[in-house]
Amino acid sequence: MEKMDLVYILFILVCLHIDSVQSPIGTSEINCATGTNTEVGSIQEGYEGDVEIITNIGPVDHLVLESYLFPIGVSFLELVYSDGGSTATVRTIRPLDADVLQESGGILYYSLTCPNPSLKNIRRVQVQDVNDNPPIFQSKSYSATVSEALAVGSDVLRVTAKDADVSTENNRITYSILPPAPDEFEVRSDGNIRLKQRLNFNNDQEYTFIVEAKDVGGLNDTTTVTITVEDFDNLNPYFDHSLYKASIEENQVGQFSDVTPEAIKAQDGDMGINETVVYSITAVFPNEYQSNFVIDANSGVISVTTALDREEIDQITVYIQATQQDDASKTANAVVSVTIEDVNDNPPKFDQDEYTVSILENSLQDQLVLQTRVTDLDLGGFSKGQFIMDSDTFIINSQGLISLRSNATLDRETVDNYNIQVIAVDQPVDGLSSTAQVNITVLDVNDNNPQFLPFPETTEIQEGVYTPSSPGEVCEIFATDADIGDNGRVTITTSSHSEIFRFREDGTLLAINELDREIQDMYDVVIVAMDHGMLQGNNITTVRVNITDVNDNAPVFSPDTYSKSILVKDAKVGDVLLTLSATDKDAGSNALISYRFSEVSSMVALDAETGNITLTSDLSEVTEDTLLNLTAIATDHGTPPESDEAEVLIYFRIAPNTESVAFESSSYKFRIKENEPEASIVGKVKAFTGNPLVTVSYNIKSHEDVFSVDGEGTIKALRPLDKEEVEWYILTVEAIDSSTLPNTAETTVSIQVENVNEAPVFELKTYKAEIFNISPYKSPIVKVQAWDPDVGESSELQYSLLNSTTLLDVETNTGQIYVLDASSFGGNLFTFHAKATDKHGLSTTTTVQIEVKESAQRESIISLNQPVYIVEKKIPEMEVSMEKVLGWAVKILSVRAEDGNEMRSILKESTDKTYVSFIAMDSSGAVIKATEVKEKLNTEHKALTFELEKVFGPGLEIKVEDSPEDPSQAFIIALIAVIVVLAVISVTSVSTNIYLKKKTKRRHSIDNLANFNNNPESIEDEISDAL
C-alpha cells in the first residue's frame, strides 16, 4: 500500500473520531420491566466515543453491560453509570473495528441488563467497514515441481491472500504476475497458477516470478512463486552437429586424423534424464566401402579398418546413428564426410609415351612446337610438377609447352630430326617421375635456292642448223637444292636466248636454232635453276656458250682489186710492191689463209703467208709502160678449203705519174674503251697524193652505222660500244683524191673494244608490291634483280637497302626482299631504295614501293576426315579436282590438323581431321571472295565429294568451314605468293622478248613483281618503260 493512501485513511479516521466524540450514535430509554431491542445506529469503524445515551433508568435499576450473541462486541465498550443515576453512557474503550466483528457481520451486539437478568435491553450498532487492511498472502513464497509433459491449461499451484476487511468490496482480491512474467504461466482470479504454454525442460528447468494480490483500494501484497520443471523422457538423442568432416591419409588404417568441428558426440535429448546412447554406422556411400569403417558403440570414434586409395575415391560419406540405450525407437542421425588425404604414391604420366610432331624450319623463335600433357592421379595433379628437358634448341615450360628457344633457329638441311627425352617430376622434393620421348621432325621450307654444280670445262657447240626436233647438245649442267621434295626438285631453264637454247629434263643444254659463229661466236646464256616449292627459289647465272667454227665462209679480199704504179728505174728486186689482205669470218685453221697467184709470174712473187707481193725481176726488159694483170687466190685451211680471188694490177711506168693517192699504211689497229661517249675519237688514218693541189677525202665502206670518218681521216664512234656485244670491228676506209679522174686507195682498220667495269643495271626502274600487315616474318615480297654488263659477273652482285627499316630487308645474294614486321604499317604506301653493287664497288639503285594493306579475308577452308600427312601428299590432285568442280583455279595454301582459326599451320600432327585452307582465282588471276567460294562449295558439295573420293577413296566426308573472323590470324602472304607465280610467268616471257630485241647480253629474272592486283599487261608496260 502506498504511503499517501495510508495517510489519507488515517486522516479520515481522525475526523470520524472527533465527530463521534462530539455526539453519541444514539439515545434510548431503558425498560427494565419488559426489556427492549433497539437499533442504535451505524458508525464507521475506527470510531471512538459515546455510543449510546441511556435514559429512564429507575432508581433501583442496576444496569449491567453484557455481551449478546457475540461476546467480542463488549470488548470494545464500557458502561459509564452511577447507581441511582437516571442516565448512563455506553462508550468505546478502543476504536471500533468491523474486521474484528467479521463473525457478526460487522454488527456490534451488546446488552444492558437490568436486575432482572432475564430482561435484556438488546442493542445493535452497525459498524461500517473501512478498507484499511491490505491483502496478505498466506506465504511469502510458493513452489511446485511439474513435469514438462504437463498439459497446457493445467493448474500448477494456488497462491492465497486474505484481506482483513470485512466487506466484500474491500476484501475482494485481484491476482497478477508482475513483469517480467513468463509466457508459460498465468494466474487466475482465484489465485491458481495455470500452465499457458508447453514446457520444455531443455529450454528452462525453473521459473521464478512474483505474484501480486491487490484489493480495490490498491492495497497489495506479493509473494514469490518458484516452479521447477521436471524432465520427461520424450526426446530423441541428438548429435551436436548434423555434419562432421573427417580425414585420413590414403593407405592408412585407424582412427580419423582430424574431425571437425569437434569430436563426434551424441546425447539424450532429455537432459534431465540423459540416458546413455550407443553408436552405429547405418550406411556408407558408396556402398562398397561399408566394410572399410567401424564405429565404437560407446565413444562414437570411427576407424578405418581397410586402407583406402584416394586415386580410387577421394570422398566417402558415412551415415551414423545414435540410439537411446533404453529405447531403441529413439535415435539420432548424422553424416560424416570423410576426405581421403593424398599421399604422393602415383608417378606422373604422359598422355603419350612418344610424341611425334613436325615444325617448319623457318619457324620464329619462341614458336610453339608441342603441348605435352601430363596427368598425376595424386591430389593437385601435376600442378606442383616440373619438366626436365635437355636441349639447346627447344625449351619446355611449366605447362609442358615445348617451344623453340628464343636464341635458336632451325635448319632442316643441318638437322632434320630431334629426339628429345622429357622428364616429368611431380614435386621438387622426393618427387616421382616419368619420361616421354619427343620426336621433332623439321619440315622443309623452301629456304635454299638451287645451286649450280661446277660447269664443264668447255661449253661449246659447232655452228650449224639446229631445230627443236633435231637439237644439238652443248653440255650437261646440273643444279642441286638442299631442300627436299618439291622444294628440292630443280628445273633448269634459259632466261635469255630461249629461242636458241633450251634445257632437256636431264640437264642437257640444247641448241634448237641455227648458230652462225660468224654472226655471233659466243652466247652468254642466262640460265635459271628453279625449284618447285610454293614460293619458288631460284638461282640465276650465265653460261658462256662458245660457237666453234665450221668452214662455211670463204676468205674475202678487201679490196677485191689491188693496184700499184711503179717507176721502173726505182724498182729493185725484193721490193714489196703490194700487200694483199683477205679475211675469213671463220676461226682457227678455217681462218688461216694462204695466198698464191693463179699463174706464176716471172716479175713478181706472192708470199703465201703474209700476202706480200715482191719484185723478183730487175725489169731490164721493160722499155715501156707495162700493166701486169694477175689473179691472186686466198685459200683457207678448212676442210674442204674455201677461196677467194682478187685482181692485182701492177703498172710499170717508165715516166713518173703525178696524179695518185695512197695510204701511209696498208692497215691500222686502234683500241677504244667500251662505253666511251658518242663521237669519241678512235684513231686517224692518212692518205697522200703526189700533187699538193690534189686533196683527199675519206669514206668508210663497212660498219657505217657504228663509225664515221671526217675529212682529216679521224675515225669516231657514233655511239658507246660494248665489248660484251662486239669486241672487234674490221673497217675498210677508202681514200679518194680530187683529180679529174679520181684515184682511190683503201686501207684496213682493226678496232678492238676494251673492257671497262660497268655498273650493274636493274631490270626495272621501280618495283611495286602489295602485302598485308599480318604478313609473317621473312615472307617474300618481291625480288629486285640486276645484271652486270661485265661478262660473268652478274652472279657476284650484292644487294642492300640504302636505309634500314623495321618493315623489310633484302637477302644479300639473291635480291629477295622479305618482311621483318608489317604489323604497325597498315594502310600506307612506303618507298625504299635498293642497291646492287658489283665486286669492284660500282653500284646502282632502284626504287621499291610497298603498299601495306590492312588484312582482308580471302581464303576458304574445308575439312576432310583424312590424316594430315595423307592430305599433304595429295595436294596437286586435290587442286585439279577442286578446279574441275568450282570452275576456278585453286591454290591450296596450307593443311593443318589442329582446330582453330590460324590460317597457316606450323605444327602438323597426324589426326583424322584435316583443315585445308585455299584460295580460288578467276582467269585473270583475281582472287574470289571467300563468301562466294563458300556458297559454291555448298551448292556443289556432292560433286566435290564425288571428285575428291577419286583422290582419297570412298567414305570421304567434307565439311565447309567458316573462314576466320580475325584476319590477323590469316596467312595472307601465301595468297600473295600465288600471285607472284602468275606474274612471274608473264614477266619472264616479256623479259625474254625485250632481251632479244634490245640487248643481247641483258637478262631478266624470272622472279618479278609480287603485286596482289597486277596483271600481265600492266607488268609488260612497266618493263617496256624501264627499258
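Residues numbered from 1 in each chain as written. Predicted model: local features only at pLDDT ≥ 70, side-chain atom pairs only at ≥ 80, totals over all residues. Heavy atoms only, no water.

Re the overall build of the chain
And then number 1: Counting its secondary structure elements, the chain contains 7 helices and 76 strands.
And then number 2: Taken over 1027 residues, the chain has a buried fraction of 46%.
And then number 3: Residue pairs at least 24 apart in sequence account for 69% of intrachain contacts in the chain once pairs closer than 6 positions are excluded.
And then number 4: Carbon and sulfur atoms form 48% of the exposed surface of the chain, whose accessible area is close to 49600 Å². (Helix = DSSP H or I, 4+ residues; strand = E, 2+ residues; numbered from the N terminus. Buried < 20%, exposed > 50% of the residue type's maximum accessible area, 1.4 Å probe, protein only. Contact = heavy atoms within 4.5 Å. Areas by Shrake-Rupley, 256 points an atom, 1.4 Å probe, with all protein chains shown as cover.)

Quick notes on the pattern of salt bridges
And then number 1: Counted by the stated rule, this structure contains 24 salt bridges.
And then number 2: Of the charged contacts, one joins Arg194 and Asp155 as a salt bridge, the two residues approaching to 3.1 Å between their closest N and O atoms. In this pair, Arg194 is assigned in strand E15 (residues 192–195) and Asp155 in strand E11 (residues 155–158), connecting sequence segments 39 residues apart.
And then number 3: You can call Arg194 partly exposed: its relative accessible area is 21%.
And then number 4: The salt bridge partner of Lys950 is Glu947, with a shortest N-O separation of 3.4 Å. Of this pair, Lys950 and Glu947 are both found in helix H5 (residues 941–952), 3 residues apart, which corresponds to roughly one turn of the helix.
And then number 5: Several salt bridges share partner residues, and in doing so they unite Arg310, Glu311 and Asp342 into one network. (Salt bridge = Lys/Arg side-chain N within 4 Å of Asp/Glu carboxyl O.)

A short note on the packing of aromatic side chains
And then number 1: A complete count under the given rule lists 22 aromatic pairs for this structure.
And then number 2: Three or more aromatic residues link up through ring pairs in this structure, and these residues are Phe350, Tyr355, Phe382 and Phe387.
And then number 3: In this structure, Arg94 is placed above the aromatic ring of Phe76, and the distance from its NZ or CZ to the ring centre is 3.7 Å. (Phe/Tyr/Trp six-rings, centres within 6.5 Å; stacked < 30°, edge-to-face > 60°. Lys NZ or Arg CZ within 6 Å of the ring centre and 35° of its normal.)

With respect to the environment of Lys669
And then number 1: Structurally, Lys669 is set in strand E56 (residues 667–673).
And then number 2: Sequence separation between Lys669 and Val749 is 80 residues, and the spatial gap between their C-alpha atoms is 5.7 Å.

Describing the sheet that holds strand E60 (residues 707–709)
And then number 1: Taken in spatial order, the 3 strands of this open sheet run E57-E61-E60, and their pairing is antiparallel. Strand pairing shows two members of the sheet lacking a second neighbour, strand E57 (681–684) and E60, which therefore form its edges. Taking each pair of neighbouring strands and ignoring which way they run, the sheet shows an average axis angle of 20°. (Pairing = 2+ DSSP bridges. Axes fitted to C-alpha atoms, helices over the stretch in contact; angles between N-to-C directions.)

Some remarks on the environment of Ala920
And then number 1: Within the fold, Ala920 resides in strand E75 (residues 914–921).
And then number 2: Given the relative accessible area of 1%, Ala920 is considered buried.
And then number 3: Expressed as a C-alpha distance, the spacing of Ala920 and Ile892, which sit 28 residues apart in the sequence, is 8.8 Å.
And then number 4: Aside from chain neighbours lying at most four places away, what touches Ala920 is Trp888, Ala889, Ala926, Val927, Ile928 and Val933.

Describing the pairing of strand E52 (residues 612–615)
And then number 1: Of the two faces of E52, the one holding Ile613 and Leu615 is buried and the one holding Asn612 and Thr614 is not buried anywhere.
And then number 2: Bridge count for strand E48 (residues 576–579) against E52 is 3 bridges, and the pairing is antiparallel. Looking at E52, one finds that Thr579 is bridged to Asn612.
And then number 3: Note that strand E51 (residues 604–606) and E52 share 3 bridges and pair antiparallel. In the strand pairing of E52, Leu606 is matched with Ile613.

Comments concerning the layout of surface pockets
And then number 1: In this model, the second largest pocket occupies a volume close to 1700 Å³.
And then number 2: Looking at the second largest pocket, it is lined by 48 residues, and the ones nearest its centre are Glu518, Lys585, Trp728, Tyr729 and Ile730.
And then number 3: Secondary structure elements with two or more residues in the lining of the second largest pocket: strand E46 (556–557), strand E49 (582–583), strand E50 (593–597), E56, strand E62 (728–737) and strand E63 (744–754).
And then number 4: Taken together, the residues that form the lining of the second largest pocket break down as 18 nonpolar, 12 polar and 18 charged. (1 Å grid on protein atoms, 1.4 Å probe; cavity = no way out; pocket = protein on both sides within 12 Å on 5 of 7 lines; lining within 4 Å. Points joined across faces, edges and corners; volume = space filled by probe spheres on them. Nonpolar A, V, L, I, M, F, W, Y, C, P; charged D, E, K, R; others polar.)

Section: the state of the cysteines
And then number 1: Under the defined criterion, the tally for this structure stands at 1 disulfide.
And then number 2: Covalent S-S linkage joins Cys32 and Cys114, the inter-sulfur distance amounting to 1.9 Å. Between Cys32 and Cys114, the S-S torsion sits near -75°, and that sign places the bridge as left-handed. Taken together, the positions of Cys32 in the loop between strand E1 (26–29) and strand E2 (36–44) and Cys114 in the loop between strand E7 (107–113) and strand E8 (120–128) put the pair 82 residues apart, joining distant regions of the chain.
And then number 3: Exposure remark for Cys32: the relative accessible area of 15% places this residue in the buried category. (Disulfide = S-S within 2.5 Å.)

Here we look at the sheet that holds E2
And then number 1: With mixed pairing, the 4 strands of this open sheet are ordered in space as E2-E8-E7-E4. Of all the strands in the sheet, the pair left with one neighbour each is E2 and strand E4 (64–67). For this sheet the average axis-to-axis angle between neighbouring strands, irrespective of direction, equals 25°.
And then number 2: Where E4 and E7 come together, 4 bridges link them in antiparallel fashion. When the bridges of E7 are listed, Val64 appears paired with Thr113.

Details of helix H4 (residues 930–939)
And then number 1: Of all the positions in H4, only Ala930, Val933 and Leu937 are classed as buried. Down the axis of H4, the smallest arc covering the buried residues is 60°, so these residues share one side. Exposed side of H4, more than 90 degrees from the buried face: Thr931, Glu935 and Thr939 are the residues found there.
And then number 2: Packed against the buried residues of H4 are strand E73 (860–864), helix H3 (875–886), E75, H5 and strand E76 (958–961). (Arc of directions from axis to C-beta.)

Quick notes on unusual backbone geometry
And then number 1: Backbone torsion omega between Phe285 and Pro286 reads 0°, so that peptide bond is classified as cis.
And then number 2: Secondary-structure assignment places Pro286 in the loop between strand E23 (277–285) and strand E24 (293–295).
And then number 3: Going from Thr639 to Pro640, the amide bond is cis rather than trans, its omega being -10°.
And then number 4: Summarising the element assignment, Pro640 is placed in the loop between strand E53 (626–636) and strand E54 (643–653).
And then number 5: Even without being glycine, Leu619 reaches a positive phi, approximately 65°.
And then number 6: Within the element layout of this structure, Leu619 appears in the loop between E52 and E53.
And then number 7: Here Leu619 falls in the buried class, since its relative accessible area comes to 3%.

Some points on the confidence of the model for the chain
Detail in the predicted coordinates should be disregarded across regions flagged by low pLDDT.
And then number 1: Of the residues in the chain, 87% have a pLDDT of 70 or more, and the chain-wide mean is 83.
And then number 2: Across residues 13–22 the pLDDT falls below 50, and counting only partners more than four positions away or on other chains, this stretch makes 13 contacts in the model.
And then number 3: Counting interchain partners and residues more than four positions distant, the pLDDT-below-50 stretch residues 899–911 has 51 contacts. (pLDDT = per-residue confidence, 0-100.)

Some points on H5
And then number 1: Over its 12 residues, H5 extends 16 Å from the first C-alpha to the last, a length consistent with the 16 Å expected when each residue adds 1.5 Å.
And then number 2: For H5, the full list of buried residues reads Leu944, Thr945, Glu947, Leu948, Val951 and Phe952.
And then number 3: Buried residues belonging to H5 abut E73, helix H2 (868–873), H3, H4 and E76. (Expected span 1.5 Å × (residues − 1).)

Overview of the environment of Pro134
And then number 1: With respect to the helices and strands, the residue Pro134 is situated in the loop between E8 and strand E9 (135–137).
And then number 2: Measuring from C-alpha to C-alpha, the distance between Pro134 and Ala213 comes to 8.8 Å, with 79 residues separating the pair along the chain.

Examining the side chain of Thr92
And then number 1: Relative to the helices and strands, Thr92 is located in strand E6 (residues 88–92).
And then number 2: There is a polar contact of 2.7 Å between the side chain of Thr92 and the backbone nitrogen of Gly49.
And then number 3: Excluding residues that lie within four positions of it along the chain, Thr92 makes contacts with Tyr47, Glu48, Gly49, Val51, Phe76, Leu77 and Glu78. (Polar contact = N/O pair within 3.5 Å; in protein donor to acceptor, adjacent residues only side chain to side chain.)

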